[in-house]
Every structure is written in C-alpha cells, then in structure tokens.
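The chain contents come next:
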Amino acid sequence: MIRLFPNAGGWLEVVCGPMFSGKSEELIRRLRRAEIAGQRVLIVKPQIDSRYDIGHVVSHAGAKMRAVAVENPADIPGLVDDYDVVGVDEVQFFPPEILLILDGLVEKGMRIVVSGLDQDFRGLPFGPMPELLCRAELVDKLQAVCHRCGGPATMTQRLVDGSPAAADGATIVVGALEQYEARCRSCHELAAPGFATG
Ligand SMILES: [Zn+2]
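Fair warning: this is a prediction, and the values are worked out from it, not measured in the lab.

Enquirer: Go over helix α1 (residues 23-36) with me, naming the residues and quoting the values.
Expert: With 14 residues, α1 should cover 20 Å at 1.5 Å per step; its first-to-last C-alpha distance of 20 Å lies within 8% of that length. Of the residues making up α1, those classed as buried are Lys 23, Ser 24, Glu 26, Leu 27, Ile 28, Arg 30, Leu 31 and Ala 34. The first or second residue beyond α1 is Gly 38, which carries a positive phi of 85°.

In structure tokens form, the structure reads like this:
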C-alpha cells in the first residue's frame, strides 16, 4: 500500500462539519476510491445511529456503503483486523475510549477516516471530536448552505416544534416534532434556558 506519510505507518483523517454538509458522502467517496485501488475497506458506526439503515452508511444524497454497527469501541479492533482503510461514521457519538482504540489502529499502519459533527446543536464541541481533530494528520471542515440566508453554514440548528431549542433542553423531547437545519453563525439561534419547548 502506498503511504501518504511513508515513515508514519498509518494516519488519521477527520471529516467534520454541521448536518447536511456532506460528511457521510465524503467518507464514502474516500473509501470507495481506496476500494477501487484494491484496498480492503470497512466502515463502522455507533449502534445508536439507526437513521435509514442499520447495515449501511447512507448519505443524505443517497450514496450507500455497507457498515458494521458497534456498541463498544473495544469491539472495533477485532472487526477491522483484515482491513487497510477503516471509516468511522458519526464518530461524535462514541465515548472517549474511541481515541485510544483508533490510535492503536493507526499505530498498526491503518488509514483511519472518521466523519462526524464537530459541534452539537448548542455550538459546543461534540464528544471526542476536539481530541480527534487535534490528533489527526488531515482535517477537513465541510460547510453546508445556511437554511435561512443561503450563506456558508458551519452550525446545526435544532428546532423543537418549529422553535429554536434551548441550550439546556432535553436531548429527546417525547412527542415533540424535532427538526434540524444547517445555519451560519449569525442565523444560528438558541432559546433562553427553560424558555422554549426544547
Ligand atoms: Zn445564515
């Protein structure tokens, strides 16, 4: 396998950005290219992400690639032992243990491509993302199109029953209609704590 960093063994790539910025699409594109070059590729994703299809990563644009859902980061090394390139989708949902696990795979010479939200709906760092961004050899921060003004969007807007969610809002609001939009920094809104339905 041709190495991007010849003396470094493997390496870590991060693809991040808000919702609707094409992260999963980009992850699939990178792994597909490696596959065409004859490399063995596998995508893993957290079990909690039951969007669309549990056995695949599916982008909003419809690109699709087989993926293995894992509950615990410690299960990943056993699954990916025979692969050259490992993708991790929705990496922000994994607990901090994912950092050491992925480091170990990189040490073994694997190319790891992770994709996920860098910020939560409050605009705060999401899970293990800050550390992954710090450790990565390559980082790409994708933008979406702001749903409100059409400018470049870097944030994810959470709406509960059509209104901006509060920063202290429950993660899951039973019976409420929850929606997400991509927004730029100036269009992104958070309701005052305890004010909105979120
Ligand atoms: Zn905007």
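Enquirer: Lay out the nonpolar core in plain terms, naming residues and giving numbers.
Expert: Among the nonpolar cores identified, the biggest contains 24 residues, and Ile 76, Ile 112 and Val 114 are the most heavily contacted of them. A total of six residues in this core trace back to one element, the largest contributor, which is helix α3 (residues 98-107). Once residues within four sequence positions are removed from consideration, Ile 76 is found in contact with Val 44, Val 70, Phe 94, Ile 98, Ile 101 and Leu 105. If you look at the next biggest cluster of nonpolar residues, it comprises twelve residues, including Leu 27, Ile 43, Val 57 and Val 85.

Enquirer: Can you break down the pairing of strand β2 (residues 41-46) residue by residue, with the values?
Expert: Burial analysis of β2 places six of its six residues in the buried class, the great majority of the element. Here β2 shows two buried faces, one formed by Val 41, Ile 43 and Lys 45 and the other by Leu 42, Val 44 and Pro 46. Bridge count for β2 against strand β5 (residues 85-88) is four bridges, and the pairing is parallel. In the strand pairing of β5, Val 41 is matched with Val 85. The pairing of β2 with strand β4 (residues 64-70) spans four bridges and is parallel. Looking at the pairing, Lys 45 lines up with Ala 69 of β4.

What counts and how
Residues numbered from 1 in each chain as written. Predicted model: local features only at pLDDT ≥ 70, side-chain atom pairs only at ≥ 80, totals over all residues. Heavy atoms only, no water. Helix = DSSP H or I, 4+ residues; strand = E, 2+ residues; numbered from the N terminus. Expected span 1.5 Å × (residues − 1). Buried < 20%, exposed > 50% of the residue type's maximum accessible area, 1.4 Å probe, protein only. Core = buried A, V, L, I, M, F, W, Y, C linked by side-chain atoms within 4.5 Å. Contact = heavy atoms within 4.5 Å. Pairing = 2+ DSSP bridges.

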